[in-house]
Amino acid sequence: MKNIVIFGAPGSGKGTQSALLVEKYGFKHISTGDVLRNEIAGGSELGKTARTYIDDGKLIPDELMIEILASVYDGLGQTEGVIFDGFPRTIPQAEALKEMLAKRGGQVDAMLELDVPEAMLVERLVERGKTSGRADDNEATIRKRLDVYTRQTAPLIDWYEHEGKRHAVKGYGSLEEINAALCAVIDAL
Ligand code: ATP
Ligand code: MG
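Only a predicted model underlies this, so the values are computations on that prediction, with no experimental measurement involved.

Engineer: I keep staring at the overall build of the protein and nothing clicks. Help me out?
Structural biologist: A count of helices and strands for the protein gives nine helices and five strands. The order of α-helices and β-strands along the protein, N terminus first, is β-α-β-α-α-α-β-α-β-α-α-α-β-α. Computed over its C-alpha atoms, the radius of gyration of the protein comes to 16 Å, within 12% of the 16 Å expected for a compact globule of 189 residues. The 189 residues of the protein split such that 44% are buried.

So, in structure tokens, the structure goes:
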């Protein structure tokens, strides 16, 4: 079974590309953003807590996020592989993921990095905000999220490089082109 991390800034296309990979390989997809938004929609206590962070463009605290991730992962059942989308977002989360998978006899097989210039990210997210209904897709919160990405999440690029797992691909151009670049990495694993 393969464990694949899809990585990139907000708006880099992680969700879109994950859906294409799910279709092609039959992998299961864990999007922590989707998990949290479902909790918010369901009005759970967890959702109420998550909302205060998300609407402010901040990250949910590591300890809570790690616990959520493990419970979703263990609930997946049999699968060819898992795509982690939106997790890890911090170095402690990456360390926790490594430990969690090791305990279950696995590892992260690849980190697929979507590289997109910042100006393009802002443009995409502002555009998405017009229809997404997401409270965090407005320009001020987008800038904050990109800043959080640069400070807390981008250090994972070196972390995964050091682990020998990092594969960077161009995250703009046609969806098919990007998908083909990701599939080439997966097929070579
Ligand atoms: P993309 O557009 O590439 O799918 P995104 O950054 O727009 O990515 P999500 O991944 O859906 O959006 O995450 C939305 C919000 O949920 C984050 O801004 C953060 O507040 C919270 N969140 C999601 N994953 C994590 C995580 N691993 N750790 C902490 N907070 C998280
Ligand atoms: Mg997403």
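Engineer: Whenever I open this one, the site of ligand 1 confuses me. Can you help?
Structural biologist: For ligand 1, the set of nearby residues contains 22 residues, the closest of which are Lys14, Thr32, Lys58, Arg89 and Arg145. Contact distances for ligand 1 include 2.6 Å between an oxygen atom and a side-chain N or O atom of Lys14. In this structure, an oxygen atom belonging to ligand 1 sits 2.5 Å away from a main-chain N or O atom of Lys58. Within the complex, 96% of the 630 Å² of free accessible area of ligand 1 lies under protein. With four residues, the single largest contributor to the shell around ligand 1 is helix H2 (residues 32-42). Of the residues that constitute the shell around ligand 1, the class distribution is eight nonpolar, seven polar and seven charged.

Engineer: Just to check I follow, could you spell out the pairing of strand E4 (residues 110-115) for this structure?
Structural biologist: Within a regular strand, side chains alternate between the sheet's two faces. For E4, the buried fraction is high: five of the six residues fall into the buried class. Pairing between strand E1 (residues 2-7) and E4: four bridges, direction parallel. What sits directly across from Ile6, in E4, is Leu112. Of the strand pairs in this sheet, E4 and strand E5 (residues 166-170) are connected by five bridges, and their pairing is parallel. Looking across to E5, one finds that Leu112 is bridged to His167.

Engineer: What is the right way to look at the side chain of Glu113 in this model?
Structural biologist: Examined against the element boundaries, Glu113 turns out to sit in strand E4. For Glu113, a relative accessible area of 3% gives the class buried. The contacts of Glu113, once residues within four sequence positions are left out, are Phe7, Ile157, Arg166, His167, Ala168 and Val169.

Engineer: I tried to follow the sheet that holds strand E3 (residues 81-85) on my own but got confused; where do I start?
Structural biologist: Paired through backbone hydrogen bonds, the strands of a sheet run either parallel or antiparallel to each other. What the five strands build is an open sheet, ordered E2-E3-E1-E4-E5; its pairing is parallel. Looking at strand neighbours, the two that pair on one side only are strand E2 (28-31) and E5, the edges of this open sheet. Across the sheet, the mean angle from the axis of one strand to that of its neighbour is 20°, orientation sign disregarded. Relative to the sheet, H2 contacts E2 and E3, its axis offset from that of E2 by approximately 65°.

Engineer: Looking at this structure, I do not really get unusual backbone geometry. What am I missing?
Structural biologist: Leaving glycine out, the prevailing phi sign among residues is negative, and the prevailing peptide bond configuration is trans. Geometrically, the link from Phe87 to Pro88 is a cis peptide bond, its omega value of 0° lying close to zero. Mapped onto the elements, Pro88 comes out in the loop between E3 and helix H5 (91-103).

Engineer: Where do I start with the pairing of E3 in this structure?
Structural biologist: The element E3 is extensively covered by neighbouring structure, given that five of its five residues are classed as buried. Covered by surrounding structure in E3 are Gly81, Ile83 and Asp85 together with Val82 and Phe84, the residues of both alternating faces. The sheet contact formed by E1 and E3 spans five bridges and is parallel. Looking across to E3, one finds that Asn3 is bridged to Val82. Note: E2 against E3, four bridges, orientation parallel. The residue bridging Ser31 from the neighbouring strand is Asp85, located in E3.

Criteria and thresholds
- Every chain is numbered on its own, with residues counted from 1 as its sequence reads.
- Working convention: letters from A go to chains and numbers from 1 go to ligands, in the order in which they are written.
- Reporting of local features is limited, given that this is a predicted model, to residues whose pLDDT is at least 70; pairs of side-chain atoms are given and counted only at 80 or more, and all residues count toward the totals for whole chains, interfaces and linings.
- Hydrogens and waters are ignored; side-chain quantities use all the structure's heavy atoms.
- A run of DSSP states H or I qualifies as a helix once it reaches four residues; a run of E qualifies as a strand once it reaches two. Both are numbered from the N-terminal end.
- Atoms considered for the radius of gyration are the C-alpha atoms alone. The globule rule reads 2.2 Å times the number of residues to the power 0.38.
- When a residue's accessible area, from a 1.4 Å probe over protein chains only, is under 20% of the maximum for its type it is buried; when over 50% it is exposed; and in between it is partly exposed.
- Throughout this document, a residue counts as near a molecule or strand when at least one of its heavy atoms sits within 4 Å of that molecule or strand.
- Here a polar contact is recorded for every N or O atom pair within 3.5 Å, except that within protein the pair must consist of a potential hydrogen donor and a potential acceptor, and residues adjacent in sequence are included only if both atoms are side-chain atoms.
- Each accessible area is a Shrake-Rupley estimate made with a 1.4 Å probe; only the visible protein chains count as cover when residues are assessed.
- Residues are grouped as follows: Ala, Val, Leu, Ile, Met, Phe, Trp, Tyr, Cys and Pro are nonpolar; Asp, Glu, Lys and Arg are charged; every other residue, Gly included, is polar.
- Only when DSSP finds a minimum of two bridges between them are two strands counted as paired.
- The contact definition used throughout considers only heavy atoms, calling two residues in contact when any of these lie within 4.5 Å.
- Geometry is summarised by axes, namely lines fitted to C-alpha atoms with helices restricted to the contacting stretch, and by angles between N-to-C directions that run from 0 to 180 degrees.

These figures capture arrangement, not role.
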